[in-house]
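One letter stands for each residue in the lines below.
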Amino acid sequence: MILHLIYILAFTLLAFLAIGNLIRNLLTLGADSQRHYAPRSYDPSRPMSSRTRVPHPELLDDNGKLINEPLLVMRSMTVEDAREQLDALYRSSPGGEPREEA
């Protein structure tokens, strides 16, 4: 009976500690999300309008110009088409087995 009481008290204490830690983490996360960090190349002497944003390298072509086209084009395909392409990849791999035609 005493052992049951000790278990209940221990788990109650652990539950309170866990909930307190959860609340503390939520408050810290909320405070951190309200902060505004300056960029690394921040120069307070330069006005905001003269700062230029550098695009991500994947959005540039080989000449360094901005790409003005869709980056991902998907066409719909049937399950059979996908299976045929996967089979062809498997057959062309080094350990792939030739497909048996029946």
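Just above, that's the structure.
Read on for a plain summary of the structure. In this text the structure is predicted, and so the values were computed from the model without any measurement.

Overview of the overall build of the chain
Here is step 1 of the chain: Assigned secondary structure in the chain consists of two helices and zero strands.
Here is step 2 of the chain: Taken across its 102 residues, the chain has 1% of its residues classed as buried.
Here is step 3 of the chain: Put simply, the chain shows about 10500 Å² of open surface, and 61% of that area lies on carbon and sulfur atoms.

Focus: the environment of Ile67
Here is step 1 of the chain: Here Ile67 is to be found in the loop between helix 1 (2-34) and helix 2 (79-92).
Here is step 2 of the chain: Sequence-distant contacts of Ile67, defined by excluding residues within four places in its chain, comprise Glu58, Leu59, Leu60 and Asp61.

Describing a nonpolar patch on the surface
Here is step 1 of the chain: A cluster of nonpolar side chains, namely Ile2, Leu3, Ile6, Tyr7, Phe11, Leu13, Leu14 and Leu17, defines an oily patch on the protein surface of about 900 Å² accessible area.
Here is step 2 of the chain: For Phe11, the position within the fold is in helix 1.

Calculation criteria
- As a convention, each chain's residues are numbered from 1 in the sequence order in which they are written.
- Only residues with pLDDT of at least 70 get local features here, since the model is predicted, and only at 80 or more are side-chain atom pairs given and counted; chain-wide, interface and lining totals rely on the full set of residues.
- Excluded from the side-chain calculation are hydrogens and water; included are all heavy atoms of the structure.
- Counting from the N terminus, the helices are DSSP H or I runs at least four residues long and the strands are E runs at least two residues long.
- Categorising residues by exposure relies on relative accessible area from a 1.4 Å probe, with only protein chains included: less than 20% of the type maximum marks a residue as buried, more than 50% marks it as exposed, and the intermediate range marks it as partly exposed.
- Surface accessibility in these figures is a Shrake-Rupley result with a 1.4 Å probe; residues are shielded only by whichever protein chains are displayed.
- Contacts: residue pairs with any heavy atoms within 4.5 Å of one another.
- Surface patches are drawn from residues lacking salt bridges whose relative accessible area is over 30%; two like charges belong together within 9 Å, two nonpolar side chains (Val, Leu, Ile, Met, Phe, Trp, Tyr) within 5 Å.
- One speaks of a salt bridge when a side-chain nitrogen belonging to Lys or Arg is within 4 Å of a carboxyl oxygen belonging to Asp or Glu.

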